[in-house]
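# Architecture and fold: a report
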Amino acid sequence: MKQNKYDNPEFFNKYQEMERSQLGLVGAGEWHAFEKMMPNFKDKTVLDLGCGFGWYSLYAAEHGAKSVIGVDISEKMLAEANKKNNYPNIIKYINSPIEDIEFPQESFDVVLSSLTFHYLNSFSDICAKVNNYLTKNGEFIFSVEHPVFTAEGSENWFYNDQGQILHWPVDNYFSEGVRETNFLGEKVFKYHRTLTTYISELLNHGFEITNLVEPKPDSKLLATVSGMEDELRRPMMLLIAAKKVNHK
């Protein structure tokens, strides 16, 4: 199921208004933790899967990457990414579903992805592709929505009759597969998988886990954004860094 909601003008306009779209990486609640997991980009070849507006591609180029290829299914997203591309000799963008990309073996030193893989049916296929594309000891760093966040499907709190938050629902955790949810007023399909699946697929495809973080909100956001303290009640995101140690 190759979704492309972002080329829907109404949906895209709503997405553009989000803080992370306006401010880039500093507007992303997980960035304070994710940045610490970023590798040394100096003279590296980088692949950015689901690159969106290109913020991570830009970050890699700004930090010394030799070349960066960003891949995204949305023409509108890549049009914005190209507007922001201050490194046209380093960053190139490809309009394609991630499932359809093909690169030669050992083309990249680093593969990045931000909040994309929970839209794809097979994480195993992604791991196989990334392993093939990475050089030995190449680094794979990505974020996804946390399995606790995706399990029940609605991705919303339970409230009491007074509109107060009661709890976050976790149900059908071990029943992996598609979930229908609402994002920016649109019906969106995501794929729930367990933490075990994320880790075991990486291990089975020749990766070594080098870091895993369930990021809490940044202290500045907790102090300044109303309701942000509720984000301490359950994890929303999962950040994983891995290294290729075997070719599979």
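Residues numbered from 1 in each chain as written. Predicted model: local features only at pLDDT ≥ 70, side-chain atom pairs only at ≥ 80, totals over all residues. Heavy atoms only, no water.

### What to know about the overall build of the protein chain
Along the backbone of the protein chain there are nine helices and 11 strands. A compact globule built from 248 residues should have a C-alpha radius of gyration of about 18 Å, and the protein chain, at 18 Å, falls within 12% of that. Over its C-alpha atoms, taken along the principal directions, the protein chain stretches across nearly 55 × 40 × 35 Å. Residues classed as buried in the protein chain amount to 49% of the 248 residues present. Total accessible area on the protein chain stands at roughly 11,900 Å², and carbon and sulfur atoms take up 48% of it. Charge centroids of the protein chain, computed over 25 positive and 34 negative side chains, lie 4 Å from each other. (Helix = DSSP H or I, 4+ residues; strand = E, 2+ residues; numbered from the N terminus. Rg over C-alpha atoms; globule rule 2.2 N^0.38 Å. Buried < 20%, exposed > 50% of the residue type's maximum accessible area, 1.4 Å probe, protein only. Areas by Shrake-Rupley, 256 points an atom, 1.4 Å probe, with all protein chains shown as cover. Lys, Arg positive; Asp, Glu negative; His and termini not counted. Charge placed at Lys NZ, Arg CZ, Asp CG, Glu CD.)

### Focus on the side chain of threonine 197
Structurally, threonine 197 can be placed in helix α8 (residues 195–204). With sequence-adjacent residues up to four places away left out, threonine 197 is seen in contact with Phe123 and Glu176. (Contact = heavy atoms within 4.5 Å.)

### Brief notes about unusual backbone geometry
A positive phi angle is found at aspartate 43, which is not glycine, with a value near 60°. Along the polypeptide, aspartate 43 turns up in the loop between α3 (31–34) and β1 (45–49). In this structure aspartate 43 comes out as partly exposed when scored by relative accessible area, which is 48%. In the Ramachandran plot, leucine 115 falls in the positive-phi region, its phi being about 50° despite a non-glycine side chain. Relative to the assigned elements, leucine 115 resides in the loop between β4 (108–114) and α6 (123–133).

### Considerations on the pairing of strand β11 (residues 237–244)
Two faces make up the sheet, and in a regular strand the side chains alternate between them. Burial analysis of β11 places seven of its eight residues in the buried class, the great majority of the element. Taken together, the seven bridges between strand β5 (residues 134–145) and β11 define a ladder with antiparallel strand orientation. Note that in β11 the partner of glutamate 139 across the bridge is lysine 243. One ladder, built from six bridges, connects strand β10 (residues 207–213) with β11; its direction is antiparallel. Residue asparagine 211 lies in a different strand from β11, and its bridge partner there is alanine 241. (Pairing = 2+ DSSP bridges.)

### Side note on α6
Along α6, the positions that sit buried rather than exposed are Phe123, Ile126, Cys127, Lys129, Val130, Asn131 and Tyr133. In this structure, the buried residues of α6 make contact with β1, β4, β5, α8, β10 and β11. At the N-terminal boundary of α6, the capping side chain belongs to serine 122, with an oxygen 3.0 Å from the backbone nitrogen of aspartate 125. (Polar contact = N/O pair within 3.5 Å; in protein donor to acceptor, adjacent residues only side chain to side chain.)

### So, helix α5 (residues 75–83)
Listed in full, the buried residues belonging to α5 are Met77, Leu78, Glu80 and Ala81. Seen end-on, α5 carries its buried residues on one side only, within an arc spanning 155°. Pointing more than 90 degrees away from the buried face of α5 are the exposed residues Glu75 and Lys83. (Arc of directions from axis to C-beta.)

### Here we look at the packing of α6 against α8
Remark: α6 packs on α8, axes separated minimally by 9 Å, with the N-to-C direction vectors making an angle of 30°. Taken together, α6 and α8 sit at an angle that is classed as roughly parallel. As for the relative orientation of α6 and α8, their crossing is right-handed in sense. Residues Phe123, Ser124 and Cys127 of α6 form the contact with α8, whose participating residues are Thr197, Tyr198, Glu201 and Leu202. Of the residues that constitute the contact of α6 with α8, the class distribution is four nonpolar, two polar and one charged. (Axes fitted to C-alpha atoms, helices over the stretch in contact; angles between N-to-C directions. Parallel < 35°, antiparallel > 145°, perpendicular 65-115°, else oblique. Left-handed = near helix turned anticlockwise from the far one by under 90°. Nonpolar A, V, L, I, M, F, W, Y, C, P; charged D, E, K, R; others polar.)

### Focus on the sheet that holds β10
Here we have seven strands laid out as an open sheet, ordered β3-β2-β1-β4-β5-β11-β10, and mixed in their pairing. Only two strands of the sheet have a single partner each, and these edge strands are β3 (91–95) and β10. In this sheet, neighbouring strand axes are inclined to one another by 15° on average, regardless of whether the strands run parallel or antiparallel. The sheet strands contacting α5 are β2 (67–72) and β3, and the helix crosses β3 at an angle near 170°.

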